[in-house]
Amino acid sequence: MNRRQVVLGMGAGSIVSALGGCAGWPSSRKRAQVVVVGGGCGGATVAKYLSLWSDHTIAVTLIEPNPQYVSAPLSNRVIDGEFALAQLTRSYDSLRRRHGVRLIADRVSSFDPDAKRVVLGAGASLRYDKLVLAPGIDLEFAAIEGLAAAHADGRILAAWTAGRDTVGLRAQLQAMPDGGVFAITIPEAPYRCPPAPYERASLVAAYLKRCKPRSKVLVLDANQDVIAMGSLFKKAWKELYGDLLEYRNHYRAVAVDADTQTVRFDVQEDVRADVLNVLPPVRAGAVAQAAGLANINARWCEVDFRSFESTLAKDVYVVGDAIQAAPRMPKSGHLANGHAKVAAAAIIAALRQQPLDPQAMMTNTCYSLVAPNAGIHSSAVYRYDSVHRSFATVPESGGTSFEPDATDAAGAVAWATNLWADMLA
Ligand SMILES: Cc1cc2nc3c(=O)[nH]c(=O)nc-3n(C[C@H](O)[C@H](O)[C@H](O)COP(=O)(O)OP(=O)(O)OC[C@H]3O[C@@H](n4cnc5c(N)ncnc54)[C@H](O)[C@@H]3O)c2cc1C
């Protein structure tokens, strides 16, 4: 890689000074500035690979309010008590030390695509040449009457981004009496990680079978059927949990009452449970919504799949769960990591005035547990298709497990460990 090629608009003298930064990294003053919003699976990966693949000749700034990364993948295993949240927590330090990424612990409140500036929550503003938005999802608590207040006071939790609520849901489950009911409601697709609610129901059922066997798990799904690895989940539920786990389709939650621990549905009868885990509908993170970039169903951001540049704002790229995904692409951490690499390569190519990769590829594997020691997976390989201007599944790539096994249970942990290293190490 040639450093000179990515340093924009500079004469030879300024290139020398740009490469001579005093902290061991080139001075950021005259390098191309890329600002990344959000340090999750998409944003952390973009930041690392922009720096790595440009040989540190791009000044990368990552803005993320959380001091550490806490993984949503594997967080269902905190709820069933097998893992502590600390085991799913990773530092951002290597991004700074090994890759020279500048980290700002703040939240972006807005940005101006004409002036090319982002505004931070604390009020300061930052110039960019290229902006990457990776804000993940916003949970639409307001879509379910009563949920915003019940969630805020901790009585009815979603726990769909990992952290305090994950631990809170675990505590509710531990406090539930034997003979109690745990109910999880699932919104209509698309939502973050299609198999994850079914994995959560499975692991809660395994815990209850072991520790509170008179209890019950209710899976109340707004969709018409289990939307990911359905036959594998349903077979495992029947064999492993029998009457302890009951699946009901067409249950779309519209209201909750935290005093009576009841959920109301648009058509079906109300359901009362001792622990209610209500997952509201989701949409692109607020910063993308506020900028008007969520142009698909007022929820998701449309991108040019060759580069992940927004179709609405030049030099603004969107990766991860916030985008309108290509057909058959789930909202997953694995794919957020894939989007991020295609976007990083495209940004470097654009800054060097080089062509984009016409056939970018990415992969996805979703591992899920049906019990602590029994996993399943589904995987696919995607390639950019210039005719449909989208990613398409490569024929006969990937596949799905035949049956749950211990290899896939171990694979889920190995996969997550590799993802964290690829994003952050
Ligand atoms: C229970 C569960 C299990 C899962 N299991 C898997 C799995 O096994 N495999 C898999 O591939 N995927 C899994 N996922 C899905 C995966 O977590 C998401 O698809 C992935 O995190 C999406 O990455 P992202 O970068 O878009 O968003 P995130 O990883 O959520 O990152 C977004 C980041 O942006 C930050 N942010 C938001 N707004 C701002 C702002 N205005 N300014 C600055 N920062 C901001 C947030 O703080 C956050 O850190 C699971 C999800 C859940 C809930």
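Refer to the structure presented above.
Our subject in this report is the structure included herewith. (Residues numbered from 1 in each chain as written. Predicted model: local features only at pLDDT ≥ 70, side-chain atom pairs only at ≥ 80, totals over all residues. Heavy atoms only, no water.)

### Considerations on the packing of helix H7 (residues 164-175) against helix H8 (residues 196-211)
Packed helix pairs are characterised by how far apart their axes lie and by the angle those axes make with each other.
1) Next: The N-to-C vectors of H7 and H8 enclose an angle of 35°; their axes lie 11 Å apart at closest approach. Considering the relative orientation of H7 and H8, their crossing is right-handed. Here H7 contributes Leu 169, Arg 170, Leu 173 and Gln 174 to the contact with H8, which in turn contributes Arg 200, Val 204, Tyr 207 and Leu 208.
2) Next: Residues of the contact of H7 with H8, tallied by class, amount to five nonpolar, one polar and two charged. (Axes fitted to C-alpha atoms, helices over the stretch in contact; angles between N-to-C directions. Helix = DSSP H or I, 4+ residues; strand = E, 2+ residues; numbered from the N terminus. Left-handed = near helix turned anticlockwise from the far one by under 90°. Contact = heavy atoms within 4.5 Å. Nonpolar A, V, L, I, M, F, W, Y, C, P; charged D, E, K, R; others polar.)

### Here we look at helix H11 (residues 333-351)
1) Next: With 19 residues, H11 extends 27 Å between its outermost C-alpha atoms, agreeing within 8% with the 27 Å of an ideal straight helix rising 1.5 Å per residue.
2) Next: Judged by how many residues are buried, H11 sits mostly within the fold: 16 of 19 residues are covered.
3) Next: A positive backbone phi angle near 55° is found at Gln 353, which sits one or two residues after H11. (Expected span 1.5 Å × (residues − 1). Buried < 20%, exposed > 50% of the residue type's maximum accessible area, 1.4 Å probe, protein only.)

### Observations regarding the sheet that holds strand S16 (residues 271-272)
1) Next: What the three strands build is an open sheet, ordered S14-S15-S16; its pairing is antiparallel. Edge positions in the sheet fall to strand S14 (253-257) and S16, since each has one partner strand and no second.
2) Next: Here strand S15 (residues 262-265) pairs with S16 via two bridges, running antiparallel. Along S16, the bridge assignment pairs Thr 262 with Arg 272. (Pairing = 2+ DSSP bridges.)

### Let's talk about the site of the ligand
1) Next: Close contacts around the ligand come from 35 residues, with Gly 42, Glu 64, Val 108, Arg 192 and Asp 321 the closest.
2) Next: A distance of 3.2 Å is found between an oxygen atom of the ligand and a backbone nitrogen or oxygen belonging to Cys 41.
3) Next: Taking Ala 134, its main chain carries an N or O atom lying 3.3 Å from an oxygen atom of the ligand.
4) Next: Contact with the protein chains hides 92% of the accessible area of the ligand, taken as 1,000 Å² for the molecule alone.
5) Next: Elements with a minimum of two residues in the shell around the ligand: helix H3 (41-53), H8 and H11.
6) Next: No other element matches H11, which puts three residues into the shell around the ligand. (Near = heavy atom within 4 Å. Polar contact = N/O pair within 3.5 Å; in protein donor to acceptor, adjacent residues only side chain to side chain. Areas by Shrake-Rupley, 256 points an atom, 1.4 Å probe, with all protein chains shown as cover.)

### Focus on the pattern of salt bridges
1) Next: As enumerated under the stated definition, the model contains 21 salt bridges in all.
2) Next: The closest approach of N and O atoms between Arg 306 and Asp 304, which form a salt bridge, is 2.8 Å.
3) Next: The class of Arg 306 is partly exposed, set by a relative accessible area of 39%.
4) Next: The partner of Asp 422 in a salt bridge is Lys 341, and the shortest N-O contact between them spans 2.5 Å. A residue pair is termed long-range when its members are at least 10 positions apart, and Asp 422 in helix H12 (residues 406-424) and Lys 341 in helix H11 qualify at 81 residues.
5) Next: The exposure class assigned to Asp 422 is buried, which follows from its relative accessible area of 19%. (Salt bridge = Lys/Arg side-chain N within 4 Å of Asp/Glu carboxyl O.)

### Thoughts on the layout of surface pockets
1) Next: In this structure, the second largest pocket occupies an estimated 410 Å³ of space.
2) Next: In terms of lining residues, the second largest pocket is bounded by 17 residues, among which Arg 328, Pro 330, Asn 364, Ser 378 and Tyr 382 are the most central.
3) Next: Among the secondary structure elements, those contributing two or more residues to the lining of the second largest pocket are strand S22 (361-371) and strand S23 (374-385).
4) Next: Ranked by the residues each element gives to the lining of the second largest pocket, the list is headed by S23, at four residues.
5) Next: Here the lining of the second largest pocket is built from residues that sort into ten nonpolar, six polar and one charged. (1 Å grid on protein atoms, 1.4 Å probe; cavity = no way out; pocket = protein on both sides within 12 Å on 5 of 7 lines; lining within 4 Å. Points joined across faces, edges and corners; volume = space filled by probe spheres on them.)

### Some remarks on the sheet that holds strand S11 (residues 181-186)
1) Next: Taken together, the four strands give an open sheet; going across it, the order is S13-S12-S11-S17, and neighbouring strands pair in parallel fashion. With one partner strand each, in any of the chains shown, strand S13 (245-248) and strand S17 (275-278) form the two edges of the open sheet. On average, each strand axis in the sheet is tilted by 15° relative to the strand beside it, whichever way the strands run.
2) Next: As paired strands, S11 and strand S12 (residues 216-221) are joined by six bridges and run parallel to one another. The residue of S12 that forms the bridge with Ile 186 is Asp 221.
3) Next: Packing of H7 onto the sheet brings it into contact with S11 and S17, and relative to S17 it is tilted by some 150°.
4) Next: Contacts from H8 reach S11, S12, S13 and S17 within the one sheet, and its direction differs from that of S12 by about 170°.

### What to know about the pairing of strand S9 (residues 130-133)
1) Next: Along S9, one buried face is formed by Lys 130 and Val 132 and the opposite face, lined by Leu 131 and Leu 133, is buried too.
2) Next: By the bridge criterion, four bridges tie strand S1 (residues 32-37) to S9 in an arrangement that is parallel. Each bridged residue has a counterpart across the sheet, and for Val 36 the counterpart in S9 is Val 132.
3) Next: The pairing of S9 with strand S21 (residues 316-318) spans three bridges and is parallel. For Leu 133, the partnering residue across the bridge sits in S21 and is Val 318.

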